[in-house]
Amino acid sequence: MSKPKFAMYWSASCGGCEIAVLNTHEKILDVDANFDVVFWPVAMDAKYKDVQAMEDKSILLTLFNGAIRNDENEHIARLLRRKSQLLVAFGACATEGGIPALANLSDKQSIFDTAFNTISTENPNHILPQTRWTMPEGEITIPEMYPVVKTLEQVVPVDYYMPGCPPESHQIAAVIDLVIQVLQGKAELPPKGAVIGAGASTVCEECQRARNEKKITQFVRIQDIKPDPTLCLLEQGVLCNGPATRGGCGAACPTASMPCVGCYGATDGAMDQGARLLSAVASVIDARDPKQVEQILDGIPDPAGMFYRFGMSGSLLRASKDAWKG
Amino acid sequence: MPDKFEPLIIGFTCNWCSYRAADMAGLGRMKYPPNLRLIRLMCSGRLDPTFVLKAFADGADGVLISGCHPGDCHYLEQNYKTQSRYLLLTRLLASFGIEPQRIKLIWASAAEGAYFAEQATQIVEQVRALGPLNWHTRRTLAKAQSEQLSQGLEEVPA
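The shown structure was predicted, so the numbers you read here are calculated from the model rather than taken from an experiment. (Residues numbered from 1 in each chain as written. Chains lettered and ligands numbered in written order. Predicted model: local features only at pLDDT ≥ 70, side-chain atom pairs only at ≥ 80, totals over all residues. Heavy atoms only, no water.)

(A) A look at the overall build of chain A. Helix and strand content of chain A: 13 helices and nine strands. Seen through its principal axes, chain A has C-alpha atoms that stretch 65 × 60 × 30 Å. Here chain A holds 326 residues, and the buried ones make up 51% of them. Accessible surface for chain A amounts to roughly 15200 Å². Of this, 52% is attributable to carbon and sulfur atoms. (Helix = DSSP H or I, 4+ residues; strand = E, 2+ residues; numbered from the N terminus. Buried < 20%, exposed > 50% of the residue type's maximum accessible area, 1.4 Å probe, protein only. Areas by Shrake-Rupley, 256 points an atom, 1.4 Å probe, with all protein chains shown as cover.)

This is the structure we're talking about:
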């Protein structure tokens, strides 16, 4: 009997998700033992046309990481949706937009200008990317960049969500184990639409630091202080996204004295991670005079980037006014 | 199309002071524009910033938040938390491109019906001057644009 087929693809992402999968160490051998890896551009050579030639639904499991930034991303998302039985939005970019979605705060023109027309770029003729260009050999094309970055779910239906930037390797290993057990008839799949490989509550739940009543009169950056290794970072004035971020990572960052950046996204039942974070952070400010509050708030230079570092595409407002205008 | 833009303002009032202020404005037949839709919360501290974002995402042009005067909160000091959240929220909305004038926080006691009516009039006029926020239209527009783009999708050469 032939083995079930496995695929993994990256779109707009950094490649960290792929590394996290390889970081499962010998568990990766289980993938090879139980699956036939048919498409995984980072790890092996394969062509899009090979995938196109496959029968619909012939791939059992596809881990799709990265946000939808251009029409190539969307094309492959649609293609893999058609060919896969289980499509998993893998990692923060695919589930919530991730770091690439911070570009939604700008419009396409200013992104191009920053990338191609600033003083650090040698581009005397101010040439910007063209989607089509005629060469002596024929016309060449590059993907068209979309005005906004979208999540995978905003383009195709998704079966499961696996958050994290990247998902923790032990969580990936657990998910691989589960799928293998399902194949052997020893376990059942979670209901469609479930978040897998993560907890249901917050990072604070898993954090071992001591928590008292939080009262903050100044926000500080982690590099400017020597943090107390046993006390809650937020209590020390460091902006930590733990209170409104889904757990499952084992509070890896706060344990290493780095504030949680919020990569596991919103918790169960929360509609907008950024709004919940904002609520939690503002509530610990120990000031009653609006002027004093404003002064303390000056310690948060970029609230949008802070509270929506990984969730801009999936958030309620999704993007800035300018980005939506195209 | 109406000649004059009629803004939609969602108002969040607390049960103890500002909702009663609005009530008093009504009882006293004080006039203020009908653009304000009130939602009563037990306390202004109950106002999750999500409510405000959802209001904007679903078509509101402005949001009015009102609570008891500082020191008068029925739940001791929740309105101070509302104040901090409001100040941070306006900063966040500004970086999203939503003008701070579209959101307003006022303190109104149960006796301040006239003040409530005056503030309601003020935010309606303020938002009217800014024009529609049209977030939902923008979202539909962006969706239509990207659908148009995806219809033009071609097979990507391998």
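More follows now that the structure is in view.
(B) Quick look at the packing of helix α1 (residues 18-27) of chain B against helix α4 (residues 113-130) of chain B. Residues and elements named next belong to chain B. It is at 7 Å that the axes of α1 and α4 come closest, and there the two elements cross at 90°. One element, α1, and the other, α4, form an angle in the roughly perpendicular class. Listed contacts from α4 to Ser18, Ala21, Ala22, Met24 and Ala25 of α1 are Gly113, Phe116 and Ala117. Along the lines of polarity and charge, the residues of the contact of α1 with α4 split into six nonpolar, two polar and no charged. (Axes fitted to C-alpha atoms, helices over the stretch in contact; angles between N-to-C directions. Parallel < 35°, antiparallel > 145°, perpendicular 65-115°, else oblique. Contact = heavy atoms within 4.5 Å. Nonpolar A, V, L, I, M, F, W, Y, C, P; charged D, E, K, R; others polar.)

(C) Representation of empty space enclosed by the protein. Residue and element names in this part refer to chain A. Applying the stated criterion to the full structure yields five cavities of 30 Å³ or more. Here the largest cavity defines a volume of roughly 110 Å³. Along its surface, the largest cavity is lined by Val203, Cys204, Cys207, Arg209, Arg211, Cys232, Leu233, Leu234, Cys240, Gly242, Pro243 and Pro254. Here the lining of the largest cavity is built from residues that sort into nine nonpolar, one polar and two charged. Considered as a void within the structure, the second largest cavity measures approximately 80 Å³ in volume. In terms of lining residues, the second largest cavity is bounded by Leu61, Leu63, Leu86, Val88, Tyr160, Val175, Leu178, Val179, Leu189, Pro190 and Ile196. Those elements that place two or more of their residues in the lining of the second largest cavity are β3 (59-65), β5 (84-90) and α7 (169-183). In terms of residue count, the dominant contributor to the lining of the second largest cavity is α7 (three residues). Broken down by class, the residue content of the lining of the second largest cavity amounts to 11 nonpolar, no polar and no charged. (1 Å grid on protein atoms, 1.4 Å probe; cavity = no way out; pocket = protein on both sides within 12 Å on 5 of 7 lines; lining within 4 Å. Points joined across faces, edges and corners; volume = space filled by probe spheres on them.)

(D) Looking closely at the state of the cysteines. Residues and elements named next belong to chain A. In total, this model carries zero disulfides over all chains according to the counting rule given. The structure places no disulfide on Cys17, whose sulfur is separated from the nearest cysteine sulfur, that of Cys93, by 6.5 Å. In this structure Cys207 is a free cysteine whose sulfur lies 6.6 Å from that of Cys204, the closest cysteine sulfur available. Of the residues examined, Cys207 reaches a relative accessible area of 14% and is grouped as buried. (Disulfide = S-S within 2.5 Å.)

(E) Expanded view of the packing of helix α10 (residues 273-283) of chain A against helix α2 (residues 49-57) of chain B. Where α10(A) contacts α2(B), the two axes come as close as 8 Å, and the packing angle between them is 145°. Helix-helix and strand crossings are classified by hand; for α10(A) and α2(B) the assignment is right-handed. Touching A:Ala275, A:Arg276, A:Leu278 and A:Ser279 of α10(A) are B:Pro49, B:Thr50 and B:Leu53, all from α2(B). Considered class by class, the residues forming the contact of α10(A) with α2(B) number four nonpolar, two polar and one charged. (Left-handed = near helix turned anticlockwise from the far one by under 90°.)

(F) Representation of the confidence of the model for chain A. Residue and element names in this part refer to chain A. Looking at chain A as a whole, its pLDDT mean stands at 92, while 97% of the residues score no less than 70. Put simply, helix α13 (residues 321-325) is where chain A has its lowest mean pLDDT, 46, and β5 is where it has its highest, 97. Predicted confidence is poor over residues 320-326, with pLDDT under 50, and the contacts of this stretch with residues over four places away or in other chains come to 30 contacts. (pLDDT = per-residue confidence, 0-100.)

(G) Looking closely at the pattern of salt bridges. Applying the stated criterion across every chain yields a total of 20 salt bridges over all chains. The salt bridge involving A:Glu213 is made with A:Lys215; its shortest N-O contact spans 3.9 Å. A relative accessible area of 64% means that A:Glu213 is categorised as exposed. The exposure class of A:Lys215 is partly exposed, given its relative accessible area of 45%. Here B:Lys54 and B:Asp58 are joined by a salt bridge, their closest N and O atoms 2.7 Å apart. Sharing partners across several salt bridges, the network here consists of A:Lys27, A:Asp30 and A:Asp177. (Salt bridge = Lys/Arg side-chain N within 4 Å of Asp/Glu carboxyl O.)

(H) Focus on the side chain of A:Asn241. Residues and elements named next belong to chain A. By the secondary structure assignment, Asn241 is in the loop between α8 (203-206) and α9 (252-255). Residue classification places Asn241 among the buried residues on the basis of a relative accessible area of 1%. When residues no more than four places from it in sequence are discounted, the contact partners of Asn241 are Cys260, Val261, Gly262, Leu277 and Met306.

(I) Just the environment of A:Phe35, in detail. Residues and elements named next belong to chain A. The topology assignment puts Phe35 in the loop between α2 (27-34) and β2 (36-39). Owing to a relative accessible area of 3%, Phe35 belongs among the buried residues under this scheme. Taking the C-alpha atoms as reference points, Phe35 and Arg221, separated by 186 residues in sequence, lie 46 Å from one another. Contacts of Phe35, omitting those with residues within four sequence positions, involve Lys3, Pro4, Lys5, Phe6, Leu60, Leu61, Val179, Ile180 and Leu183.

(J) Inspection of the confidence of the model for chain B at higher detail. Mean pLDDT for chain B: 87, with 82% of residues reaching 70 or above. Least confident of the elements in chain B is helix α5 (residues 135-151) of chain B, whose mean pLDDT is 60; most confident is strand β4 (residues 103-107) of chain B, at 97.

(K) A look at the environment of B:Tyr32. Residues and elements named next belong to chain B. Along the chain, Tyr32 falls in the loop between α1 and β2 (36-41). Expressed as a C-alpha distance, the spacing of Tyr32 and Val124, which sit 92 residues apart in the sequence, is 9.1 Å. The contact partners of Tyr32, leaving out residues within four places of it in the chain, are Ala25, Phe116, Ala117, Ala120 and Thr121.

(L) Highlighting the sheet that holds β2(A). Residues and elements named next belong to chain A. Within the open sheet, the five strands sit side by side as β2-β1-β3-β5-β9. Their pairing is parallel. With partners counted over all chains shown, the strands left at the sheet margins are β2 and β9 (160-162), one partner each. When the angles between neighbouring strand axes are averaged without regard to direction, this sheet yields 25°. Pairing analysis gives three bridges linking strand β1 (residues 5-10) to β2, with the strands arranged parallel. Residue pairing for β2: Lys5 is matched across the bridge by Asp36. (Pairing = 2+ DSSP bridges.)

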